[in-house]
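# Chain and residue survey
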Amino acid sequence: MINFNPLELFQTKGKIKKVFREAKASYLNRIRFAVGMFYFGMGLSFATWASRIPDIKTALHLTEGDLGSILFALPMGQLIIMPFSGKMVTKFGSHRILVFSLIMYVLCLVNLGMATTALQLSLGLFLFGLFGNLANIAVNTQGVYTEVLFRKTIMSSFHGMWSFAGFSGALVGLGMLALNLSPLHHFIIVGIVVLFMVAFNFKFLVKAKEKIKHKDKGEKKKLFVKPDSALIWLGVIGFCSMASEGVMFDWSGVYFKDIVKAPGPLVILGYTSFMIMMASGRFLGDGLINKFGRERVMQISGVMISAGLFTAVFLPYLIPCTIAFMAVGLGVATIVPTVYSMAGKNPTVPPGEALTIVSSVSFLGFLMGPPVIGHIAENFGLQFSFAFIGIFGVLIAFMVSKIRTTA
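Residue numbers here run from 1 along each chain, matching the order of that chain's written sequence. Reporting of local features is limited, given that this is a predicted model, to residues whose pLDDT is at least 70; pairs of side-chain atoms are given and counted only at 80 or more, and all residues count toward the totals for whole chains, interfaces and linings. Hydrogens and water molecules were not included; the side-chain quantities draw on all heavy atoms of the structure.

Let us now look at the nonpolar core. Among soluble globular proteins, nonpolar side chains are generally buried collectively. Throughout this description, the term nonpolar core refers to a set of buried Ala, Val, Leu, Ile, Met, Phe, Trp, Tyr and Cys residues connected via side-chain atoms within 4.5 Å. Buried means the residue's accessible area, taken with a 1.4 Å probe over protein chains only, is under 20% of the maximum for its type, while exposed means over 50%, and partly exposed covers the values in between. The biggest cluster of nonpolar side chains holds 116 residues, and the ones touching the most others in it are Trp-49, Leu-121 and Phe-386. Not counting the four nearest positions on each side in its chain, Leu-121 is found in contact with Trp-49, Ile-56, Leu-60, Leu-62, Ile-70, Leu-112 and Ala-115. Two residues form a contact once any of their heavy atoms are found within 4.5 Å.

It is worth spelling out the pattern of salt bridges at this point. A side-chain nitrogen of Lys or Arg and a carboxyl oxygen of Asp or Glu constitute a salt bridge if their distance falls within 4 Å. This structure, assessed with the given rule, holds three salt bridges. In this structure, Asp-55 engages Arg-52 in a salt bridge whose closest nitrogen and oxygen atoms are separated by 3.2 Å. When its relative accessible area of 23% is taken as the criterion, Asp-55 is described as partly exposed. In this structure Arg-52 comes out as buried when scored by relative accessible area, which is 2%.

Here we take up the packing of aromatic side chains. Any two of the Phe, Tyr and Trp rings considered here, Trp counted by its six-membered ring, make a pair once their centres fall within 6.5 Å; the pair's planes then place it as stacked at under 30 degrees, edge-to-face at over 60, or tilted in between. Inspection of every chain in the model, using the stated rule, returns 14 aromatic pairs. Arranged with centres 6.2 Å apart and planes meeting at 75 degrees, the rings of Phe-100 and Phe-131 form a pair that is edge-to-face. Highlighted residues: Phe-100 in helix α6 (residues 94-113) and Phe-131 in helix α7 (residues 118-150), separated in sequence by 31 residues. Overall, Phe-100 belongs to the buried group, its relative accessible area being 19%. Geometrically, the ring pair formed by Phe-196 and Phe-200 is stacked, given 6.3 Å between the ring centres and 20 degrees between the ring planes. With Phe-196 and Phe-200 both in helix α9 (residues 183-201), this residue pair falls four residues apart, about one helical turn. In this structure an aromatic cluster arises from ring pairing among Tyr-255, Phe-256, Phe-325 and Phe-386. Counting from the N terminus, the helices are the DSSP runs of H or I reaching at least four residues and the strands are the DSSP runs of E reaching at least two.

Before going further, it helps to spend a moment on α9. Along its 19 residues, α9 runs 27 Å from first to last C-alpha, staying within 8% of the 27 Å computed at 1.5 Å per residue. Check the buried side of α9 and you find it contacts α2 (25-51), α3 (53-59), α6 and α8 (155-178). Given the number of residues in a helix, its expected span is that number minus one, multiplied by 1.5 Å.

Helix packing for two helices is described by the angle between their axes and how far apart those axes are. Lines are fitted to the C-alpha atoms to define the axes, a helix being fitted only along its stretch in contact, and any angle between axes, read from their N-to-C directions, falls within 0 to 180 degrees. Taken N-terminus to C-terminus, the directions of helix α11 (residues 269-292) and helix α12 (residues 294-314) make an angle of 120 degrees; their axes are 7 Å apart at the nearest point. If you check the angle between α11 and α12, you find them oblique. Contacts between α11 and α12 involve Leu-288, Ile-289 and Phe-292 on the former and, on the latter, Arg-294, Arg-296 and Val-297. Residue classes follow a fixed rule: Ala, Val, Leu, Ile, Met, Phe, Trp, Tyr, Cys and Pro count as nonpolar, while Asp, Glu, Lys and Arg count as charged, and any other residue, Gly among them, counts as polar. Of the residues that constitute the contact of α11 with α12, the class distribution is four nonpolar, no polar and two charged. To sort the angles, those under 35 degrees are grouped as roughly parallel, those over 145 as roughly antiparallel, those from 65 to 115 as roughly perpendicular, and the leftovers as oblique.

On to unusual backbone geometry. In the Ramachandran plot, His-61 falls in the positive-phi region, its phi being about 55 degrees despite a non-glycine side chain. Relative to the assigned elements, His-61 resides in the loop between α3 and α4 (64-71). What makes His-61 exposed here is its relative accessible area of 70%. Phi at Lys-261 is positive, roughly 60 degrees, even though this residue is not glycine. Within the secondary structure, Lys-261 is located in the loop between α10 (229-258) and α11. Overall, the relative accessible area of 60% leaves Lys-261 in the exposed class.

Compared with the 30 Å implied by 1.5 Å per residue over 21 residues, the 30 Å span of α12 between its first and last C-alpha is a close match. Buried within α12 we find Val-297, Met-298, Ser-301, Gly-302, Ile-305, Ser-306, Gly-308, Leu-309, Ala-312 and Val-313.

With respect to the helices, strands and loops of the structure, Val-193 is situated in helix α9. Given the relative accessible area of 39%, Val-193 is considered partly exposed. Measuring from C-alpha to C-alpha, the distance between Val-193 and Leu-44 comes to 9.6 Å, with 149 residues separating the pair along the chain.

In this structure, Ala-25 sits in helix α2. Relative accessible area serves as the criterion here: at 54%, Ala-25 is assigned to the exposed category. Sequence separation between Ala-25 and Leu-149 is 124 residues, and the spatial gap between their C-alpha atoms is 9.9 Å.

Encoded structure:
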């Protein structure tokens, strides 16, 4: 009989295979490159969508409020799949789920370019968010496995690849606008590129599977355990940073088009400048933290986020806004990686539980920030909504001192 269940194709067994643990340095570097390309493919796909939001908004005749409501569909898709992503990765293997989910992610991207109504765009974004979250869990699991093989921290470089892909996607978007290509043709071209990346690199992913540890039958489960106070502060800091980051992803192009009145292809300049500095900051972040310390870097980063957003509000012109968005990019670059690193080293809570608490709170900022901004902009204007998010940077700088006293 023909098996119509595609997930059966993704079953795997065992821990990290011996061939990976005893591989030569050259082969390990090939693995690292392959995993990095999957991060890059995910970042490129998301940046491609983000770079054409202003054009899709115009083509579908959407207001800021309409766009804000539609953007809710993406986090809804992510939230729906979130309880199952980890279980699927554990059962079928991160390497197989990553290939499957990234292919579907690309197909969903192309589907977004085909939307002709607000409802179609909403459904497309729901699926885009669903497979995006599944791919995100799988690719970060691959990043963890690769770190184990290298026996040193390399996760920040993977996130740097994602950010670099965002910058690349913005440049590609600029070229597509200059060529007057529609979002659909743009998305198809990028989709083909990402599929080639998958084809040339999937064989080098780490073949591994996590084993589920069962608790003793006599052990009682607690329904609620109060999280460590330091983890709460870290989660709120991550929330503020990721809310700022999410707003820049989804609204920077709209801001340059509607407020800055950037001419033609320069409408994407704000997003591009933001992504360049965020990618650069992530590649350089470890060195800055080692030199100046986590707390000081995070405080300076918070101030840069606020300064950049307030500058964009009070000086809504091309050059000042470009510089302002660069400052925001540098500001958000190191905060979330640093928050995750500090959470994993919490002395009272196991790393896995600590990261679950902090990442859950942080990710809500990325999911909820952009849609909320749309509704604030509808009632008070886009500049006011950016000023509102600008307050988050000041809160970050303040809350770092709370971590220092409670951690």
